[in-house]
Amino acid sequence: MTSTATSYAAADRPLTALLDTVPPTGWSRPSPCEGWTAADVVGHVIGTQREFLTTHGVDLGEAPDVAAAPAAAWRAHAERVTEAVSDDAVASREFDGFFGRTTVGAAFEQFYVWDMVVHRWDVARAVGADDDLTDEELDRVEAGADGFGDALHMEGICRPALDVPADADREARLLARLGRVA
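Residues numbered from 1 in each chain as written. Predicted model: local features only at pLDDT ≥ 70, side-chain atom pairs only at ≥ 80, totals over all residues. Heavy atoms only, no water.

### What to know about the overall build of the protein
Logical step 1: Helices and strands together make up the secondary structure of the protein, namely 7 helices and 2 strands.
Logical step 2: Secondary structure of the protein in N-to-C order comes out as α-α-α-α-β-β-α-α-α.
Logical step 3: For the protein, whose C-alpha radius of gyration is 16 Å, the value lies close to the compact-globule estimate of 16 Å for 182 residues.
Logical step 4: Across its three principal axes, the protein shows a C-alpha extent of roughly 45 × 40 × 25 Å.
Logical step 5: For the protein, the proportion of its 182 residues judged to be buried stands at 47%.
Logical step 6: The average position of the 15 basic charges and that of the 32 acidic charges among the side chains of the protein differ by 1 Å. (Helix = DSSP H or I, 4+ residues; strand = E, 2+ residues; numbered from the N terminus. Rg over C-alpha atoms; globule rule 2.2 N^0.38 Å. Buried < 20%, exposed > 50% of the residue type's maximum accessible area, 1.4 Å probe, protein only. Lys, Arg positive; Asp, Glu negative; His and termini not counted. Charge placed at Lys NZ, Arg CZ, Asp CG, Glu CD.)

Here it is as structure tokens:
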């Protein structure tokens, strides 16, 4: 198993567990992502991962039907992605990325696994589930945000940072940095 697959599995376990608890009526609830429902967030994560991996020559098969069953679509997608990123030939494939020369695995971990953690919080918030992030997840999100620099607030990534009270906890400060209210 590659380090990319290990990171993906660590982010997938709590995301899948959350998605499996969402009641049918929960999928249409608005998320913290403006204009997106909980189901839209799942569709976004699937879509962006598919786009990235297929751009780099990975055949993920037919896209799962998020509208019909978001949790089932996620599970089918995650299974295919796990298989792909477990292949060292895929993970070690080099390309010129936004931040310079990198590999498919490194870029996938840096952004797409990071995105899974952030959007799990969004779905949890949308459906009223436990949205607390672990210290390890906070470390990942913070390292990712630090690594993105000014690109963090480019169109389509995160909204502008929000102000928080001086006594806000780490999670609230970090989410505010991503344009989210904890």
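### Quick notes on helix 2 (residues 38-55)
Logical step 1: Taking 1.5 Å as the rise per residue, helix 2 with 18 residues should run 26 Å; its terminal C-alpha atoms sit 26 Å apart, in good agreement.
Logical step 2: Burial in helix 2 covers these residues: Ala38, Ala39, Val41, Val42, His44, Val45, Ile46, Thr48, Gln49, Arg50, Phe52 and Leu53.
Logical step 3: Residues of helix 2 that are buried in the fold lie against helix 1 (3-19), helix 3 (70-85), strand 1 (94-97) and helix 5 (104-127).
Logical step 4: One or two residues past the end of helix 2 sits Gly57, with phi positive at roughly 85°. (Expected span 1.5 Å × (residues − 1). Contact = heavy atoms within 4.5 Å.)

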